[in-house]
Amino acid sequence: MTTKRLLTILLLNALGFILFFSWYLPAGHGQWFAVDKGIFYWFNDRMVTSPALLWLVAITNFRAFDGISLLAMGGLYLYFWRRETPQGRRRMLAIGITMLLTAVGLNQLGHLIPVSHASPTKFFPDVHHVSQLTGIPTKDSSSDSFPGDHGMMLMIFACFMLRYFSRGAFALAVLIVVVFAMPRVMIGAHWFTDITVGSLSMVLVGMSWWLLTPASDYLINWLYRNLPGKYKPAK
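The following refers to the structure shown. (Residues numbered from 1 in each chain as written. Predicted model: local features only at pLDDT ≥ 70, side-chain atom pairs only at ≥ 80, totals over all residues. Heavy atoms only, no water.)

### Details of the side chain of Ser208
Line of reasoning, step 1. Its place among the elements puts Ser208 in helix H10 (residues 192–211).
Line of reasoning, step 2. For Ser208, the side chain forms a polar contact with the side chain of Asn13, separated by 2.9 Å.
Line of reasoning, step 3. Excluding its chain neighbours within four sequence positions, the residues that come into contact with Ser208 are Ile9, Leu12, Asn13, Val203 and Thr213. (Helix = DSSP H or I, 4+ residues; strand = E, 2+ residues; numbered from the N terminus. Polar contact = N/O pair within 3.5 Å; in protein donor to acceptor, adjacent residues only side chain to side chain. Contact = heavy atoms within 4.5 Å.)

Okay, here's the thing in structure tokens:
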């Protein structure tokens, strides 16, 4: 590992810790709480007066809509898959498995953070619940919303796109993060900081050590050599 890469890792770690502690240390989360509250009530109040917004939020938080985010990520992955040789596709399979294992592992580590709080719809009194307004069984509340699991998974996908594919793929993946993570904030199932502080700080710290060191390459190469199927590399 080069000195430049080590400095990049340390910088990303510093940014992650600064971001997290800027939220964690101040009493009542300082100015972050005002941002969270303002964003929550902006959407919560307007859902009553804007049927279009109400149904947009309801549809994008219906459980089946999560499948659309998987299709979006899968479509981007498929674009590169179709351009690869059989050996390249075997390597992409190894990358995909590594990505899945990374997401599961980092998500579990995220829940070791000594922070637990309910979503805005459970924290504030007399709020509007989309499931009650529409009759659609949406994900509009959570007893423990920090860090944002959904947002973290999307960010991990974006990181892998940047590390193993291209900057263009990363840009599209970031768009996927915004499009599919924001509905959870709009409906009040997550605070804005569950994603922009919780998910992002975890990704900045965890993914820098995983992707900018040989760690992820070791696992990918091991899977590439040992997965069953055709086109195994010669030993």
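### Examining the packing of helix H4 (residues 66–82) against helix H8 (residues 149–164)
Line of reasoning, step 1. Relative orientation of the contacting elements H4 and H8 amounts to 5°, with a least axis distance of 12 Å. One finds that H4 runs roughly parallel with respect to H8. Mapping the contact onto sequence places Asp66, Ser69, Met73, Leu76 and Tyr77 in H4 and His150, Leu154, Phe157 and Met161 in H8.
Line of reasoning, step 2. Residue composition of the contact of H4 with H8, by class: 6 nonpolar, 2 polar and 1 charged. (Axes fitted to C-alpha atoms, helices over the stretch in contact; angles between N-to-C directions. Parallel < 35°, antiparallel > 145°, perpendicular 65-115°, else oblique. Nonpolar A, V, L, I, M, F, W, Y, C, P; charged D, E, K, R; others polar.)

### Observations regarding the layout of surface pockets
Line of reasoning, step 1. Each pocket or cavity is described by its volume, and for the largest pocket that value is around 540 Å³.
Line of reasoning, step 2. Met155, Cys159, Phe170, Leu200 and Val203 are, among the 23 residues lining the largest pocket, the residues nearest its centre.
Line of reasoning, step 3. For the lining of the largest pocket, the secondary structure elements donating two or more residues are H8, helix H9 (167–187) and H10.
Line of reasoning, step 4. Among the residues making up the lining of the largest pocket, the classes are represented as 20 nonpolar, 2 polar and 1 charged.
Line of reasoning, step 5. Roughly 420 Å³ of volume is contained in the second largest pocket.
Line of reasoning, step 6. Residue lining of the second largest pocket: 17 residues in total, with Leu70, Met73, Met99, Leu100 and Met153 positioned closest to the centre. (1 Å grid on protein atoms, 1.4 Å probe; cavity = no way out; pocket = protein on both sides within 12 Å on 5 of 7 lines; lining within 4 Å. Points joined across faces, edges and corners; volume = space filled by probe spheres on them.)

### Things to note about unusual backbone geometry
Line of reasoning, step 1. Cis geometry is adopted by the peptide bond preceding Pro147, which originates at Phe146 and carries an omega value of -10°.
Line of reasoning, step 2. In this fold, Pro147 is placed in the loop between helix H7 (130–134) and H8.
Line of reasoning, step 3. The residue His29 is not glycine, and still its phi comes out positive at about 70°.
Line of reasoning, step 4. By the secondary structure assignment, His29 is in the loop between helix H1 (3–24) and helix H2 (30–49).

### Digging into the packing of aromatic side chains
Line of reasoning, step 1. This structure, assessed with the given rule, holds 22 aromatic pairs.
Line of reasoning, step 2. When the centroid spacing of 5.6 Å and the interplanar angle of 35° are considered together, the rings of Phe65 and Phe180 count as tilted. Of this pair, Phe65 sits in the loop between helix H3 (51–60) and H4 while Phe180 sits in helix H9, placing them 115 residues apart in sequence. The pair formed by Phe65 and Phe180 is uniform in burial state, with each residue classed as buried.
Line of reasoning, step 3. Following the ring pairs from residue to residue traces out a cluster consisting of Phe17, Phe20, Phe21, Trp23, Tyr24 and Phe146.
Line of reasoning, step 4. In this structure, Arg90 is placed above the aromatic ring of Tyr224, and the distance from its NZ or CZ to the ring centre is 5.9 Å. (Phe/Tyr/Trp six-rings, centres within 6.5 Å; stacked < 30°, edge-to-face > 60°. Buried < 20%, exposed > 50% of the residue type's maximum accessible area, 1.4 Å probe, protein only. Lys NZ or Arg CZ within 6 Å of the ring centre and 35° of its normal.)

### Quick word on the nonpolar core
Line of reasoning, step 1. One finds Ile156, Phe157, Phe160 and Met161 to be the most contacted residues of the largest nonpolar core, which totals 43 residues.
Line of reasoning, step 2. Looking at this core, the elements that each hand over two or more residues are H1, H4, helix H5 (86–110), H8, H9, H10 and helix H11 (215–226).
Line of reasoning, step 3. Counting residues per element, this core draws most heavily on H8, at 9 residues.
Line of reasoning, step 4. Counting residues in each nonpolar core, the second largest holds 11 residues, with Ala58, Val130, Ile187 and Ala189 among its members. (Core = buried A, V, L, I, M, F, W, Y, C linked by side-chain atoms within 4.5 Å.)

### What to know about the packing of H4 against H9
Line of reasoning, step 1. Look at H4 against H9: their axes get within 10 Å of each other, and the N-to-C directions meet at 175°. The orientation of H4 relative to H9 falls into the category roughly antiparallel. Across the interface between the two elements, Asp66, Ile68, Ser69, Ala72, Met73, Leu76 and Phe80 of H4 pack against Ala169, Leu172, Ala173, Ile176, Phe180 and Arg184 of H9.

### Comments concerning the pattern of salt bridges
Line of reasoning, step 1. Counting across every chain of the model gives 1 salt bridge.
Line of reasoning, step 2. The partner of Asp217 in a salt bridge is Arg163, with the nearest N and O atoms 2.8 Å apart. Of the two residues, Asp217 sits in helix H11 while Arg163 sits in helix H8, which places them 54 residues apart along the sequence.
Line of reasoning, step 3. Classification of Asp217 by relative accessible area gives buried; the value is 19%.
Line of reasoning, step 4. Assessed through its relative accessible area of 25%, Arg163 is described here as partly exposed. (Salt bridge = Lys/Arg side-chain N within 4 Å of Asp/Glu carboxyl O.)

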